[in-house]
Every structure is written in C-alpha cells, then in structure tokens.
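# Results of the structural survey
For reference, the chains in residue letters:
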Amino acid sequence: MLDLTPKEIIERKGLRINPCKTCQPVGAIYAALGVHKCMPHSHGSQGCVSFHRMFLSRHFKEPAIASTSSFTEGTSVFGGGSNVKTAVKNVFDIYNPDIIAIHTTCLSETIGDDLNTYIQQMEIPEGKIVVHSNTPSYAGSHISGYFNMMSGFIKYLAKNTGVDNGKIGIFPGFTNPGDMREMKKIAKLLGADFTMFPDTSGVMDAPMTGNYEMYPKGGTTIPEIIGLGDCKKVLALGELTSMEPAMELKRKCEVDFDCLPLPIGIEATDAYVTVLSHFTKNEVPYALEEERGQLVDIMLDSHAHYDKKTVAIYGDPDTVLGITTFVLEMGMIPKYVLTGTPNEKFTKKANALFEKFGVTDCKAKASGDLFELHQWIKNEPVDLLIGSSYGKQIARAEDIPFVRAGFPILDRYVHSYMPIVGYRGAIRLVELISNALMDRRDRDCEDEDMELVM
Amino acid sequence: MDKRTKILDKYSARVFKNRKDHIIELEDAANAQSIAANSRAIPGVMTNRGCCYAGCKGVVLGPLKDVVVITHGPIGCGFYTWGTRRNKAKASDNGKNFIEYSFSTDMQEPDIVFGGEKKLKQAITEAVEIFKPECIMICSTCPVGLIGDDIHAVATWTEETYKIKCVAYSCEGYKGVSQSAGHHIANNSLMKYVIGTGDKAPTQKFSINILGEYNIGGDGWETSRILKRIGYEVISVFTGDGSYEEIKNAHTANLNLVQCHRSINYIAEMMKTKYGIDWIKVNFIGVDETIRSLREMATYFGDADLTARTEAVIEDELANIADDMAYYKSKLQGKKAGLFCGGSRSHHYQNLLADLGVETVVAGYEFAHRDDYEGREVLPTIKTDADSKNIEEMTVTPDERHFRLLLTQEKFEQLSKAIDLEAYAGMIKDMGNGTVVIDDFNHYETEQLIELFKPDIFYSGIKDKYIIQKIGVVSRQLHSYDYSGPYAGFKGAVNFARDTTMGIFTPAWNYITPPWRTLPTLEGKIGGEE
C-alpha cells in the first residue's frame, strides 16, 4: 500500500498528490441541498455534476439531486446563456422545485459567463426563485463553495424589514446532518428561537418510507432565509467556513454575528451553549449539564488509554481545528494537523492551540495534501490517525489505528447520522478514539498480556 | 396510453421532441428498431452522463497501473477519479502501482490567467524526481482547452528532457456529448503512441488481448484465470490491471477479444487495419455467454487440443457452480429487472439475468451509440453531428513490419458465418417484445419506468441507487458492483446471483411500514361490556 511514497520529502510547487480537498462546486451543492425544495444547478459541463452527485451519494448513502447546464464545445465558445435558460425552464417544468441555486464551475468562470445578467433575462415562473453564486474550481476548496453558495442565498433573499423577528441565525458549518441535529437539539434545550442555515438534516438523512420524495421534509425554508435579515443575531460556527456568509448578512441586513469554533469538544461546546444562553436569557438546563458531566466523567475514566498519544488529524479546516482542540482537552498530542483548503488562518489557529495547551513538536499546514502527511508520518510516526476515508491507505501502509471523522467518509455507514459536535458528539469521539487504540492493544499484545478488564 | 407515451407525457413540447426518439417500445425486437443515441443531453434534465474527461482519464487511462496520469486542471477532476472506480490492480514486476495515487496540477487562479504550462512542466519534473516513472500521461480538464495550454508540446518536452514516454490527451469535459468522446480520444492516442512500440513476442501459441475489460471488482482477473486455464496467453488487457509495459506489445497478439464494445471498438478496428489482428465480440458476463465466447475463440483458432481443453474447462467450471446456480435460480425465477448502465453492461447483464430466470423488462445505456443498440450493421447509416465531428476519427494504414493475417480471406469469411467475427448485433435483438429501451435515461424517466414496470430489482449507478431504493425497489450498482464482485465468468455468475438474491430478500424490506400504520390506534372496550 502506497509503496511508492518515499520518506524523503522534496518541496513540491507543481504536483498535487493525494489531495485533501476538492473543488468549490460540490460544497455549493451541499449548501443548496440544505435549503427546502431547492434544486442545486451546476453551470458547466455535465461531468462536474455527475462527479458531485456520485460523491455526495457515496458519503451520505442518500440521493443527491442536482441539474446541469450540460455545456458542449459550442457552448464553451458562445457562452452558456442559452443553456442555463433552457435548463432553468426544464428544471421548473419537470422537477418543480421552489428555488434553483445555480453555481458556476471552472469552465463557466473561465469563459466569463455573467449569471447576474442571465438570471435577469430568464423567464422564471411566478412564485419561483433563481439564485446564484460564483464558485470557480480553481480557487479555494469545497469549503469556499459551501460558504459562497450560502452568501449567494443571502445576497438574493435575506431582507431586513426593520422589525426584528427575535430569532438567532445558526450557521452550522460544513457538517453532517447528525451534527446539525445535535446543534439544533442544544438550541432547543436552551429555548432559542432559531433558524439553522443551511440545514441538511431531514434531507441527506431522510428516512425510508417506501415513497421517494425529491424534496424531503428537511432544509431551511425560503421564508426562513429571507427572515435571516431580521434575526437579532447570527451565530457563525467555524470561522473559516461560516464567517464569510455572516459578514455578507451583516453588510446587507446589519445583523450582528458572533463567530465561534465548531462546537467540537468541551470548551467549544461550552461557548456555544453560553452564547445561546445569553441570547435567550435562559439558564442552561439540567439536561445539558448532565451531558457535560457525563462527558467529563468518561474522560476521567478513560484517559489512561489515550493520554499523550500522538495523533495526525486531516480534513476540512474547521472540523480539523475542532477535533484538534478536543484531543488536546483529552490530553493527547495533535502532532500533525493538516487541511487541503488554502487558508493561512488555519495554521495560525492551530499554532495558537498548540501554544495554549503547551504542546511542542506539533505541525500545522494549510494547502497540504495526504502524500505529504504520509511522508511526515514516515519520518516521525503517530499513534492514531483521524480524518476522512482517504486516510485509510496511510493507516494500512503504516499500520496506524484509524478513526473516521469529517468529509468524505465513503467506506462506512451511519457516520453521517451521528454527531461529533456537542457533548454527545464529544462522548462519541472519546468512544471512537479509545476503541481504536484499545482494539489495537488487544490485537497486538501477547496472549499472556491480554486484558479482560481495561 | 402505451408505456412510451406515459413516460413522455409530462414533457414540454421541446423536451418531448428531443426525448421521443430516445425511447422505444419494442414491437419487433428481432429486427432492431431505430433509436436516437449519442446526441446532446438536454440542459436541466438530470442526465446520468458524465463528461469526456471521465471517459478518457476515469475509464480508459485510469486503470493503467504503471503510468503517472496527471490531471491538468483544478483539483476536483483529479480528486473524483481517485480510487472511486474499483479498477483493481496489483503492482507489476517493476513494483510500480500508481492506482493508489492521485496526481493533479491543482490549477489556481493565476494559472488560469497566465497559463498553466509552466506549472504542468513543474509537476512533471517533480513526478519524475519522486517516482521515476517509465510513462506519464497528461489529461486536460475544461479550463485547459479554453486558455489554450499546449499540453502536447509539454509532452514532447517531457520526452526530450527526461527520455520517458509522455502522452497528452485533450479530453476537456465539454467535448462530445458524454464519456464516449473521452473513450475515443484515449483509444486514438493509445493507438498512435503506445501500441506497437514494444517488441516482446508471445511465448505461447494462442495469444490474445482483452479489450474493454477494466477489472472492476476483479472481473478481468477471473476472465484471465479461465483463459489461462484453457491455455491462452494474455498479452495485454485494456486496461484493467493493465500497464503501459504490456500494452506496448499488444500488436503481437493473435486475436483481440472485445468485451466492452462501446469504449474500445476503435482500437479493435484500428488494430485490424494496422496489424491485421482479427477481433471477436466476447461477453464473459453470464454463464451461457461465457461458454459461447470460449467456444467461439476455440473455433477461431481451430485447434483440436485447444477445443478439447475449452470443453474440459467449461465442463469443470460448470460442475463447480451448478448447485449454487440452481439454488439462486429457484429464488429468482420469474423476477423482473430494469438495467441501466454505461455502454455495454446493460446488454451483457441481460444474459446473466436470463441464466437466472430473470426477465429484463426495461434497459438502456448512458452513453452508447446506435450500433450498441441496433448492431454494427447500422454503422454506415449513422449521421455524425456537430458534437461528434470534433472528435478525431483516426485513419491508420497497414504497418509494414508488423502486419500479418492469421486467417486467409476465404477462411475469415467462412468463420464469419459461424462466430461473431468483427460483428456485434447490439442489445435490442436480445430483448423481448413489449420491453422498453431508453437512451440517456434520466432521473425523471427512471421514476416513471419503475412506476410502469414495477421491477423487482433495478440495476443502475450510485446517482440513482438511493432514489430507486427510496421508492421501494432494490437497486444494485453495475458500475461498482456495490463493492462486491467479480461478476465475470462462472464463479462471478454465482457472486452476482448471491448479491441479487440478498438484495431482493434482505429482511429490512419487511419493516418499511410501521405496524401502527395498519393497526387500529385506539384500544378499548365497547360500552356496557364487562
């Protein structure tokens, strides 16, 4: 496995090997799937959307709908106006969504298609909406695509009517439906009146009923997105993912926001709970304190199995920062933290965490790739690997225990239903991490050292 | 209303006008009805098709294990074709296996604005330094063609600078109308630059190439196992578990076997013209079809020993699977299936389903051409449209050094009557009257078809798998075999039968409706009862 990866590291400027990111449009589709009765639409050649639907379906094991402008060579020469207009007409005719969310691709961006103009020229049926965002694949990553699409919805829809609706907007970051459900559960326990945007729960984890519904029950509704402009405040979770759309909403509708890390681990969840409690002026209910107490109890009980173990964490920037924070809270050493997404804030934030927890010899990198992470590990190994399915090759090559968390997980089931956020999510992470390490100990020990009680 | 009209009913006039010729209800299947194929998908209609790049890099070149295939473009395309297609490969003798890796130039905005050639050269330099490959291939994505990067010049530069093979493919996603254009582009350049450049001669009497076998789930390995048992030497496989090292020598084989007609028939045809190698359309999916293919191969070579060994292997392999096949047939007999796949499997699997007593009631291709539906006899009548004209139609001439005919013209013609020598009859003739054939099927039509036919199982791909299952019909992927396989040959047929049976009968289907939906909700006593 990965036998051709040498230990010796040479600096690469041209060749990306085994990436730890993908392109903007898939993030745009994921954000749009979190809007109720929305059809994501890819303005490019049809291969893009084919890849993206495949990819999302493989992570969520759910349908991932999206349409395409199906560019041909002629379209690329003469522009995609005619294609996107035909597409929008057909999508409303055949699939009848309430809203179409168009995103661009490297193709339509390179030829300079102007979606603002095209949308103005379209015949849009009464009561239906078309929005767009620019998501060139040659900048940022799927994370930027996700927040750019969010900003697109906000630009087109959010309105400040001058009367605040008493709500708090919650931007959940690039997380799974299971995470979004957990964040909503906490907000409900605190009595908050909120709008989560986007919200893929109920869409990308829809139940089996025997009836296929193209637009399942979940998703942020259009009135809710419009209403974001009247929110008292927005809670942007994950600075590198959610701050841009929060700033967009502030610019457009003057809604203030708090930016917090994704609520992964104790302190970040505490912060989430505290802000919501201040907002609602409700005391934190016993149910949440109980969960928090259970988490701390479990960490005290189990710490001996992971204390000072070194771990490599890779994936999306806010998710990686969240998991890094939590493993530090658990007493582990996040020796390598890496994201493929280009954003130097990631490195700064990771280094600040290393400093805060007083760990040394830890390395953080943005715009990295898994080939490089593997080379680091070959030079100085770690005890545990945490990240997407793509790390399974490294885990096998180097025989390292492996915990799957983040995006994408293509080779396991159930993960997208289960949170890693909130106190319950942290409890789950402790279970995943300690099980991986303890299973390894059971596997590797001599017969006489096999422990029944651990 | 007939089935076809029902499917088309919801469409607007313009969509109807386009789609009506892509959907046919068979009235006289034996004489293939005409169908529209290989034309543009309609914008906004959720087609299952991919793009030219997907066909070139994803399908044909991706499986070449000893080649560093660099995707020149933004990161997405290279990322999505990394480890997602199940084209299995084992490292060859030189230890090189790049299947586990993804290589991309990860173009950024400045590369788009100022051109990406410099970065591509840098990437190649780094690939050479780190991996020392014998061969590098470059695949373009959409923006590369638009900004005019000359990847072919970079390939020449690479060959001159590093003295290795380097082939560039202009397979931008917007070319053609589907993956099919990418297959063609990949075929052309393999023919132009790779096949015929090696000089390793066969060591055995009966040597073959397997074309259009991508070793999904290990199919190619299972096919090769049977062929080797009979005594064939497999010179090269295009391209499952295949390699640059082997494909170089493909021109030395006696016979080409074509498994996936759609993706590779170009090479088969060109090798006939250039090297004189005959080809036969085989199908190693399905027991009867595997047997037919093996016997036709034996007939082609006309060797008594080979024929005897073929029959002995068939007998032995059949004996090994007889009990299992009988069991699964008892479970599946009378079931109905829908089949939608790329460009060959929707035909191949009908034969395997027939082995199991399952009737295919509706079938179609994602990106096939008319000949895949109606048979190669329609080739002269196919009109090339503007989109296909942009894909080079290569002409080759006999290679003086390597051209040789195994059969005399007389013998060839005589054999043509007995076996599928350079012929393919297409899918439609194998289907029954009253069944429906659909080209470039889309999401909406899939829903309609299930409603109309109520199949027991629907074989398709990942994009509609979960839609179909949410409707209440089991769906298994014929692109990836749902991470199972191999499905080829005799043993593969049992695997397929097992997976199909499991899918239809898994207990979870019984729990969809909660009991309270069918029971009275209120319990109590009728007044006055004691």
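Please read these numbers as outputs of a predicted model, since none were measured by experiment.

For the rest of this paragraph, the subject is the overall build of chain B. Per the secondary structure count, chain B includes 21 helices and 14 strands. At 25 Å, chain B has a C-alpha radius of gyration in line with the 24 Å of a compact globule built from 530 residues. Once the C-alpha set of chain B is aligned to its principal axes, its extents read approximately 100 × 65 × 45 Å. Going through the 530 residues of chain B one by one, you find that 55% of them count as buried.

Moving on, we get to the overall build of chain A. On a plain count of helices and strands, chain A comes out with 17 helices and 14 strands. Rg of the C-alpha trace for chain A: 22 Å, near the compact-globule value of 22 Å for 454 residues, within the 12% margin. For the C-alpha atoms alone, the extent of chain A along its principal axes is close to 75 × 55 × 45 Å. Residue burial in chain A is summarised as follows: out of 454 residues, 59% are buried. Nonlocal contacts in chain A, meaning residues at least 24 apart in sequence, comprise 74% of its contacts between residues at least 6 apart.

All right, on to the domain arrangement of chain A then. All names here are of chain A. Taken domain by domain, chain A consists of domain 1 (24–157), domain 2 (168–287) and domain 3 (289–449). Facing the 8 residues of domain 1 at the interface are 11 residues of domain 3. No other element matches the 4 residues that helix α2 (residues 46–60) contributes to the side of domain 1 that touches domain 3. Of the residues contributing to the side of domain 1 that touches domain 3, the split by class is 3 nonpolar, 3 polar and 2 charged.

Take the sheet that holds strand β3 (residues 103–104) of chain B next. Ordered by their spatial adjacency, 5 strands build an open sheet running β1(A)-β3(B)-β2(B)-β4(B)-β5(B), and the pairing between neighbours is mixed. At either end of the open sheet lies a strand with only one pairing partner, and these are β1 (16–17) of chain A together with β5 (165–169) of chain B. In this structure, strand β2 (residues 67–72) of chain B lies alongside strand β4 (residues 135–140) of chain B, joined through 6 bridges in parallel fashion. Pairing of B:V68 across the sheet is with B:I136, part of β4(B). Along the sheet, helix α6 (residues 117–131) of chain B contacts β2, β3 and β4 of chain B; its crossing angle with β2(B), the most-contacted strand, is approximately 155 degrees.

How two helices pack is summed up by the angle between their axes together with the distance between the axes. All names here are of chain A. Taken N-terminus to C-terminus, the directions of helix α11 (residues 266–280) and helix α13 (residues 317–329) make an angle of 115 degrees; their axes are 8 Å apart at the nearest point. Taken together, the residues of α13 that come into contact with α11 (itself represented by I266, E267 and A268) are G322, T325 and E329. Among the residues forming the contact of α11 with α13, the class breakdown is 2 nonpolar, 2 polar and 2 charged.

Let's shift gears to the nonpolar core. Within the largest apolar cluster, 278 residues are counted, with the highest numbers of intra-cluster contacts made by A:A101, B:C56, B:I136, B:M137, B:I138, B:Y169 and B:I267. Per-element accounting of this core gives the leading share, 8 residues, to helix α7 (residues 142–157) of chain A. In contact with B:I138, other than residues within four places in its own chain, are B:I70, B:H72, B:L120, B:I151, B:V154, B:A155, B:A168 and B:Y169.

What follows concerns the pairing of strand β11 (residues 359–365) of chain B. Residue and element names in this part refer to chain B. When you tally the buried positions in β11, you get 6 out of 7 residues, the bulk of the element. Bridge count between strand β10 (residues 336–341) and β11: 6 bridges; the pairing is parallel. Across the sheet, K336 pairs through a bridge with E359, a residue of β11. Regarding topology, helix α15 (residues 345–355) serves as the crossover connection from β10 to the parallel β11, and that connection is right-handed. Judged from the 4 bridges that link them, β11 and strand β12 (residues 436–439) form a sheet pairing that is parallel. Among the inter-strand pairings, V362 is bridged to a residue of β12, identified as V436.

Residue and element names in this part refer to chain A. Along the chain, the position of G322 falls in helix α13. On the neighbour-count criterion, G322 (30 C-beta atoms within 10 Å) is buried. Put simply, G322 and T117 are 205 residues apart on the chain and 40 Å apart in space, counted from C-alpha to C-alpha. In contact with G322, other than residues within four places in its own chain, are P261, L262, I264, G265 and A268.

Time to look at the sheet that holds strand β6 (residues 168–171) of chain A. All names here are of chain A. In space, the 4 strands of this open sheet follow the order β7-β6-β8-β9, with parallel pairing throughout. Edge positions in the sheet fall to β7 (194–196) and β9 (256–260), since each of these pairs with one other strand and no more. Each strand axis lies, on average, 20 degrees off the axis of its neighbour in the sheet, ignoring direction. Looking at chain direction, β6 and strand β8 (residues 233–237) are connected through 4 bridges and run parallel. Across the sheet, F171 pairs through a bridge with A236, a residue of β8.

A word on the interface of chain A and chain B. On the chain B side, the residues contacting the 61 residues of chain A number 65 residues. Note: β1(A) against β3(B), 2 bridges, orientation antiparallel. Across the sheet, residue A:I17 finds its bridge partner in β3(B), namely B:F103.

Each value, and the rule that gives it
- Residues numbered from 1 in each chain as written.
- Chains lettered and ligands numbered in written order.
- Predicted model: local features only at pLDDT ≥ 70, side-chain atom pairs only at ≥ 80, totals over all residues.
- Helix = DSSP H or I, 4+ residues; strand = E, 2+ residues; numbered from the N terminus.
- Rg over C-alpha atoms; globule rule 2.2 N^0.38 Å.
- Buried ≥ 20, exposed ≤ 12 C-beta atoms within 10 Å, placed from the backbone.
- Contact = placed C-beta atoms within 7 Å.
- Domains from an automatic or database assignment.
- Nonpolar A, V, L, I, M, F, W, Y, C, P; charged D, E, K, R; others polar.
- Pairing = 2+ DSSP bridges.
- Axes fitted to C-alpha atoms, helices over the stretch in contact; angles between N-to-C directions.
- Core = buried A, V, L, I, M, F, W, Y, C linked by C-beta atoms within 7 Å.
- Right-handed = clockwise from strand over helix to strand, strands pointing away.

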